[in-house]
Amino acid sequence: MEIIRARDYDHMSRQAANILSAQVILHPESVLGLATGSSPIGTYRQLIDWYKKGDVDFRRVRTVNLDEYVGLAADHEQSYAHFMRANFFDHVDIPAGNTHIPDGTNADAEHECARYDAVIRALGGVDLQLLGLGPNGHIGFNEPGDSFTKGTHKVLLAEATIRANKRFFKREEDVPRCAYTMGILDIMQAERVVMVVSGEGKADIVHRAFFGPVTPRVPASILQLHKNFTLVADEAALSKC
Ligand code: F6R
(Lines give C-alpha, C1' and ligand atoms only; values in the text may rest on other atoms or scores of the structure.)
Protein backbone atom coordinates (compact mmCIF):
# COMPACT_ATOMS: atom_id res chain seq x y z
CA MET A 1 0.00 0.00 0.00
CA GLU A 2 1.30 3.39 -1.01
CA ILE A 3 0.06 6.68 0.46
CA ILE A 4 0.20 9.94 -1.47
CA ARG A 5 -0.18 12.81 0.97
CA ALA A 6 -1.91 15.77 -0.68
CA ARG A 7 -2.27 19.27 0.70
CA ASP A 8 -6.01 19.65 0.12
CA TYR A 9 -8.92 18.47 -2.06
CA ASP A 10 -7.65 20.13 -5.25
CA HIS A 11 -4.15 18.76 -4.84
CA MET A 12 -5.58 15.28 -4.09
CA SER A 13 -7.71 15.51 -7.24
CA ARG A 14 -4.74 16.47 -9.44
CA GLN A 15 -2.60 13.68 -8.01
CA ALA A 16 -5.31 11.09 -8.70
CA ALA A 17 -6.00 12.53 -12.16
CA ASN A 18 -2.28 12.21 -12.93
CA ILE A 19 -2.44 8.48 -12.18
CA LEU A 20 -5.59 7.98 -14.27
CA SER A 21 -4.33 9.99 -17.23
CA ALA A 22 -0.99 8.14 -17.19
CA GLN A 23 -2.94 4.88 -17.29
CA VAL A 24 -5.01 6.03 -20.29
CA ILE A 25 -2.05 7.54 -22.16
CA LEU A 26 0.03 4.37 -21.73
CA HIS A 27 -2.91 1.99 -22.32
CA PRO A 28 -5.61 3.76 -24.39
CA GLU A 29 -7.95 0.73 -24.22
CA SER A 30 -7.87 0.57 -20.44
CA VAL A 31 -10.86 -0.61 -18.45
CA LEU A 32 -11.44 1.98 -15.73
CA GLY A 33 -13.57 1.18 -12.71
CA LEU A 34 -15.26 4.42 -11.68
CA ALA A 35 -16.87 5.83 -8.54
CA THR A 36 -19.42 8.54 -7.85
CA GLY A 37 -19.81 10.83 -4.81
CA SER A 38 -18.04 14.04 -3.80
CA SER A 39 -14.52 12.62 -3.58
CA PRO A 40 -13.82 11.90 -7.31
CA ILE A 41 -15.57 14.98 -8.75
CA GLY A 42 -12.34 17.03 -8.69
CA THR A 43 -10.46 14.18 -10.35
CA TYR A 44 -13.02 14.06 -13.16
CA ARG A 45 -12.87 17.87 -13.47
CA GLN A 46 -9.09 17.74 -13.88
CA LEU A 47 -9.31 14.95 -16.49
CA ILE A 48 -11.90 16.98 -18.44
CA ASP A 49 -9.56 19.97 -18.36
CA TRP A 50 -6.64 17.94 -19.74
CA TYR A 51 -8.95 16.38 -22.36
CA LYS A 52 -10.02 19.87 -23.51
CA LYS A 53 -6.36 20.88 -23.77
CA GLY A 54 -5.71 17.81 -25.97
CA ASP A 55 -3.43 16.10 -23.45
CA VAL A 56 -5.50 12.93 -23.00
CA ASP A 57 -8.44 11.31 -24.78
CA PHE A 58 -10.92 8.62 -23.82
CA ARG A 59 -12.00 7.33 -27.26
CA ARG A 60 -10.96 3.75 -26.60
CA VAL A 61 -11.38 3.60 -22.84
CA ARG A 62 -14.06 1.30 -21.38
CA THR A 63 -15.60 1.97 -17.98
CA VAL A 64 -17.51 0.02 -15.34
CA ASN A 65 -19.05 1.92 -12.47
CA LEU A 66 -19.11 0.51 -8.98
CA ASP A 67 -22.75 0.86 -8.16
CA GLU A 68 -26.27 2.15 -8.80
CA TYR A 69 -29.35 2.72 -6.67
CA VAL A 70 -32.05 0.08 -7.13
CA GLY A 71 -35.21 1.67 -8.51
CA LEU A 72 -33.63 4.71 -10.17
CA ALA A 73 -33.64 4.90 -13.97
CA ALA A 74 -30.57 6.20 -15.82
CA ASP A 75 -32.32 9.53 -16.48
CA HIS A 76 -33.22 10.10 -12.80
CA GLU A 77 -31.29 13.13 -11.50
CA GLN A 78 -29.89 11.24 -8.51
CA SER A 79 -28.97 8.08 -10.39
CA TYR A 80 -25.30 7.33 -10.69
CA ALA A 81 -25.76 7.00 -14.45
CA HIS A 82 -26.85 10.66 -14.47
CA PHE A 83 -24.00 11.64 -12.14
CA MET A 84 -21.42 10.10 -14.46
CA ARG A 85 -22.82 11.86 -17.54
CA ALA A 86 -23.02 15.21 -15.75
CA ASN A 87 -19.60 15.02 -14.11
CA PHE A 88 -17.53 13.19 -16.70
CA PHE A 89 -18.89 11.30 -19.70
CA ASP A 90 -20.71 14.23 -21.38
CA HIS A 91 -17.51 16.31 -21.29
CA VAL A 92 -15.06 13.87 -22.89
CA ASP A 93 -15.03 11.73 -26.04
CA ILE A 94 -15.83 8.35 -24.49
CA PRO A 95 -18.48 6.55 -26.62
CA ALA A 96 -21.65 5.93 -24.56
CA GLY A 97 -21.51 2.25 -25.55
CA ASN A 98 -18.15 1.92 -23.78
CA THR A 99 -19.61 2.88 -20.40
CA HIS A 100 -21.29 0.40 -18.06
CA ILE A 101 -23.33 0.94 -14.90
CA PRO A 102 -25.65 -1.54 -13.15
CA ASP A 103 -29.26 -1.12 -14.30
CA GLY A 104 -31.19 0.16 -11.28
CA THR A 105 -34.50 -0.50 -13.01
CA ASN A 106 -33.94 -4.24 -13.32
CA ALA A 107 -36.05 -5.62 -10.47
CA ASP A 108 -34.60 -9.10 -10.98
CA ALA A 109 -31.55 -8.74 -8.73
CA GLU A 110 -30.11 -12.15 -9.48
CA HIS A 111 -30.27 -11.51 -13.21
CA GLU A 112 -28.85 -7.98 -12.99
CA CYS A 113 -25.93 -8.99 -10.76
CA ALA A 114 -25.03 -11.95 -12.98
CA ARG A 115 -25.32 -9.71 -16.07
CA TYR A 116 -23.01 -7.08 -14.55
CA ASP A 117 -20.38 -9.61 -13.48
CA ALA A 118 -20.50 -11.01 -17.03
CA VAL A 119 -19.90 -7.47 -18.40
CA ILE A 120 -16.81 -7.10 -16.17
CA ARG A 121 -15.56 -10.55 -17.22
CA ALA A 122 -16.13 -9.84 -20.93
CA LEU A 123 -14.03 -6.68 -20.61
CA GLY A 124 -11.23 -8.78 -19.16
CA GLY A 125 -11.49 -7.24 -15.68
CA VAL A 126 -10.60 -3.78 -14.43
CA ASP A 127 -7.19 -2.22 -15.09
CA LEU A 128 -7.55 0.71 -12.72
CA GLN A 129 -10.27 1.04 -10.11
CA LEU A 130 -11.00 4.49 -8.66
CA LEU A 131 -12.65 4.45 -5.21
CA GLY A 132 -13.99 6.79 -2.55
CA LEU A 133 -14.32 5.80 1.11
CA GLY A 134 -17.70 5.65 2.82
CA PRO A 135 -18.13 7.16 6.29
CA ASN A 136 -18.47 3.62 7.68
CA GLY A 137 -15.61 2.19 5.63
CA HIS A 138 -17.69 0.96 2.71
CA ILE A 139 -16.20 0.70 -0.79
CA GLY A 140 -18.66 0.71 -3.63
CA PHE A 141 -21.73 -0.11 -1.56
CA ASN A 142 -20.07 -3.03 0.22
CA GLU A 143 -21.35 -2.18 3.67
CA PRO A 144 -19.84 -3.41 6.97
CA GLY A 145 -20.90 -6.97 7.82
CA ASP A 146 -19.79 -10.39 9.01
CA SER A 147 -18.15 -11.38 5.72
CA PHE A 148 -16.97 -9.98 2.40
CA THR A 149 -19.28 -10.50 -0.61
CA LYS A 150 -17.37 -11.49 -3.73
CA GLY A 151 -19.36 -10.53 -6.82
CA THR A 152 -21.96 -7.95 -7.80
CA HIS A 153 -24.87 -8.10 -5.38
CA LYS A 154 -27.93 -6.23 -4.13
CA VAL A 155 -27.32 -4.53 -0.81
CA LEU A 156 -29.50 -2.91 1.82
CA LEU A 157 -27.81 0.43 2.46
CA ALA A 158 -26.53 1.07 5.99
CA GLU A 159 -28.17 3.85 8.03
CA ALA A 160 -24.82 5.75 7.98
CA THR A 161 -24.81 5.63 4.16
CA ILE A 162 -28.41 6.84 3.90
CA ARG A 163 -27.61 9.70 6.30
CA ALA A 164 -24.45 10.64 4.35
CA ASN A 165 -26.17 10.51 0.96
CA LYS A 166 -29.35 12.37 1.92
CA ARG A 167 -27.53 15.62 1.04
CA PHE A 168 -28.13 14.78 -2.62
CA PHE A 169 -31.90 14.28 -2.18
CA LYS A 170 -34.73 16.63 -1.17
CA ARG A 171 -35.71 14.44 1.81
CA GLU A 172 -34.11 11.52 3.64
CA GLU A 173 -37.14 9.36 2.70
CA ASP A 174 -36.22 9.85 -0.97
CA VAL A 175 -32.84 8.09 -0.61
CA PRO A 176 -33.25 4.60 -2.10
CA ARG A 177 -32.76 1.85 0.50
CA CYS A 178 -31.06 -0.63 -1.82
CA ALA A 179 -28.30 -0.60 -4.40
CA TYR A 180 -26.49 -2.91 -6.78
CA THR A 181 -22.76 -2.90 -6.15
CA MET A 182 -19.68 -4.58 -7.49
CA GLY A 183 -18.36 -7.03 -4.92
CA ILE A 184 -15.11 -7.12 -2.98
CA LEU A 185 -13.56 -9.73 -5.27
CA ASP A 186 -14.42 -7.61 -8.35
CA ILE A 187 -12.57 -4.70 -6.70
CA MET A 188 -9.65 -6.78 -5.41
CA GLN A 189 -9.09 -8.28 -8.86
CA ALA A 190 -8.43 -4.85 -10.40
CA GLU A 191 -4.80 -4.54 -11.51
CA ARG A 192 -4.49 -1.24 -9.71
CA VAL A 193 -6.69 0.50 -7.12
CA VAL A 194 -6.59 4.23 -6.38
CA MET A 195 -8.69 5.72 -3.57
CA VAL A 196 -9.33 9.43 -3.09
CA VAL A 197 -10.19 10.67 0.42
CA SER A 198 -10.48 14.22 1.66
CA GLY A 199 -11.43 16.07 4.82
CA GLU A 200 -11.27 15.76 8.57
CA GLY A 201 -14.62 13.98 8.63
CA LYS A 202 -12.92 10.91 7.10
CA ALA A 203 -9.85 10.95 9.42
CA ASP A 204 -11.19 8.33 11.86
CA ILE A 205 -12.30 5.89 9.19
CA VAL A 206 -9.03 6.30 7.23
CA HIS A 207 -7.16 5.36 10.39
CA ARG A 208 -9.41 2.34 11.08
CA ALA A 209 -9.34 1.14 7.47
CA PHE A 210 -5.62 1.39 6.77
CA PHE A 211 -3.92 1.29 10.16
CA GLY A 212 -6.15 -1.28 11.88
CA PRO A 213 -6.96 -4.95 11.32
CA VAL A 214 -8.36 -6.28 8.04
CA THR A 215 -12.01 -6.99 8.79
CA PRO A 216 -15.37 -7.07 6.95
CA ARG A 217 -16.57 -4.67 9.68
CA VAL A 218 -14.48 -2.06 7.81
CA PRO A 219 -14.72 -3.25 4.20
CA ALA A 220 -12.01 -0.89 2.86
CA SER A 221 -9.47 -2.54 5.18
CA ILE A 222 -9.20 -5.44 2.69
CA LEU A 223 -7.32 -3.04 0.39
CA GLN A 224 -4.33 -3.41 2.71
CA LEU A 225 -3.94 -6.80 1.01
CA HIS A 226 -4.15 -5.49 -2.56
CA LYS A 227 -0.95 -5.84 -4.58
CA ASN A 228 -1.13 -2.33 -6.07
CA PHE A 229 -3.19 -0.01 -3.89
CA THR A 230 -2.59 3.75 -3.70
CA LEU A 231 -4.36 5.94 -1.17
CA VAL A 232 -4.43 9.57 -2.29
CA ALA A 233 -5.57 11.53 0.74
CA ASP A 234 -5.27 15.10 1.92
CA GLU A 235 -3.67 16.15 5.18
CA ALA A 236 -7.02 16.53 6.94
CA ALA A 237 -8.04 12.95 6.07
CA LEU A 238 -4.63 11.68 7.25
CA SER A 239 -4.60 13.78 10.42
CA LYS A 240 -5.23 10.77 12.73
CA CYS A 241 -2.66 8.47 11.11
C1 F6R B 1 -19.82 5.76 -5.00
C2 F6R B 1 -19.37 4.80 -4.03
C3 F6R B 1 -19.21 5.11 -2.58
C4 F6R B 1 -18.55 6.45 -2.31
C5 F6R B 1 -18.46 6.71 -0.81
C6 F6R B 1 -17.83 8.07 -0.50
O7 F6R B 1 -19.88 5.19 -6.29
O8 F6R B 1 -19.15 3.71 -4.41
O9 F6R B 1 -18.46 4.09 -1.98
O10 F6R B 1 -17.25 6.46 -2.87
O11 F6R B 1 -19.74 6.67 -0.25
O12 F6R B 1 -18.65 9.07 -0.96
P13 F6R B 1 -18.19 10.59 -0.94
O14 F6R B 1 -17.06 10.70 -1.90
O15 F6R B 1 -19.38 11.36 -1.42
O16 F6R B 1 -17.78 10.91 0.46
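Residues numbered from 1 in each chain as written. Predicted model: local features only at pLDDT ≥ 70, side-chain atom pairs only at ≥ 80, totals over all residues. Heavy atoms only, no water.

(A) Just the overall build of the protein chain, in detail. When its secondary structure is counted, the protein chain shows seven helices and ten strands. What you see for the protein chain is a C-alpha radius of gyration of 17 Å, in line with the 18 Å of a compact globule of 241 residues. Dimensions of the protein chain along its principal axes, counting C-alpha atoms only, are 45 × 40 × 35 Å. Here the contacts in the protein chain between residues at least 6 apart in sequence split such that 78% fall between residues at least 24 apart. Summing over all exposed atoms, the protein chain offers an accessible surface of approximately 10,700 Å²; the carbon and sulfur share of this is 49%. Counting 26 positive and 31 negative side-chain charges, the protein chain places the centres of these two groups 3 Å from one another. (Helix = DSSP H or I, 4+ residues; strand = E, 2+ residues; numbered from the N terminus. Rg over C-alpha atoms; globule rule 2.2 N^0.38 Å. Contact = heavy atoms within 4.5 Å. Areas by Shrake-Rupley, 256 points an atom, 1.4 Å probe, with all protein chains shown as cover. Lys, Arg positive; Asp, Glu negative; His and termini not counted. Charge placed at Lys NZ, Arg CZ, Asp CG, Glu CD.)

(B) Summary view of the sheet that holds strand E2 (residues 31-34). The seven strands are arranged E1-E10-E9-E6-E2-E3-E5 in an open sheet whose pairing can be described as parallel. Edge strands, defined here as strands with exactly one partner in the open sheet, are strand E1 (2-6) and strand E5 (99-100). Here two bridges tie E2 to strand E6 (residues 128-131), and the two strands are oriented parallel to one another. Note that in E6 the partner of Leu 32 across the bridge is Leu 128. Lying over the sheet, helix H1 (residues 9-26) contacts E1, E2, E6, strand E9 (192-197) and strand E10 (229-234), oriented at roughly 155° with respect to E10. (Pairing = 2+ DSSP bridges. Axes fitted to C-alpha atoms, helices over the stretch in contact; angles between N-to-C directions.)

(C) Quick look at the site of the ligand. Not every one of the 14 residues close to the ligand is listed here, only the nearest: Ser 39, Asp 67, His 138, Gly 140 and Lys 202. Note that an oxygen atom of the ligand is positioned 2.8 Å from one of the backbone N or O atoms of Ser 38. In isolation the ligand has 410 Å² of accessible area, and contact with the protein removes 94% of it. For the shell around the ligand, the class distribution of residues is three nonpolar, eight polar and three charged. (Near = heavy atom within 4 Å. Polar contact = N/O pair within 3.5 Å; in protein donor to acceptor, adjacent residues only side chain to side chain. Nonpolar A, V, L, I, M, F, W, Y, C, P; charged D, E, K, R; others polar.)

(D) The arrangement of the nonpolar core in detail. Within the largest apolar cluster, 33 residues are counted, with the highest numbers of intra-cluster contacts made by Ile 139, Met 195, Phe 210, Leu 223 and Leu 231. A per-element tally of this core places helix H7 (residues 203-211) first, with four residues. Ile 139 has contacts with Leu 131, Gly 132, Ile 184, Ile 187, Met 195, Pro 219, Ala 220, Ile 222 and Leu 223, leaving out every residue within four places of it along the chain. (Core = buried A, V, L, I, M, F, W, Y, C linked by side-chain atoms within 4.5 Å. Buried < 20%, exposed > 50% of the residue type's maximum accessible area, 1.4 Å probe, protein only.)

(E) Highlighting the pattern of salt bridges. In total, this model carries ten salt bridges according to the counting rule given. The structure contains a network of salt bridges with shared partners spanning Arg 171, Glu 173 and Asp 174. (Salt bridge = Lys/Arg side-chain N within 4 Å of Asp/Glu carboxyl O.)

(F) The arrangement of H1 in detail. For H1, which comprises 18 residues, the first-to-last C-alpha distance of 26 Å matches the rise-based estimate of 26 Å (1.5 Å per residue) to within 8%. Listed in full, the buried residues belonging to H1 are His 11, Met 12, Ser 13, Ala 16, Ala 17, Ile 19, Leu 20, Ser 21, Gln 23 and Val 24. Residues of H1 that are buried make contact with E1, E2, helix H2 (41-52), E6, E9 and E10. (Expected span 1.5 Å × (residues − 1).)

This is a description of form; function is not addressed.
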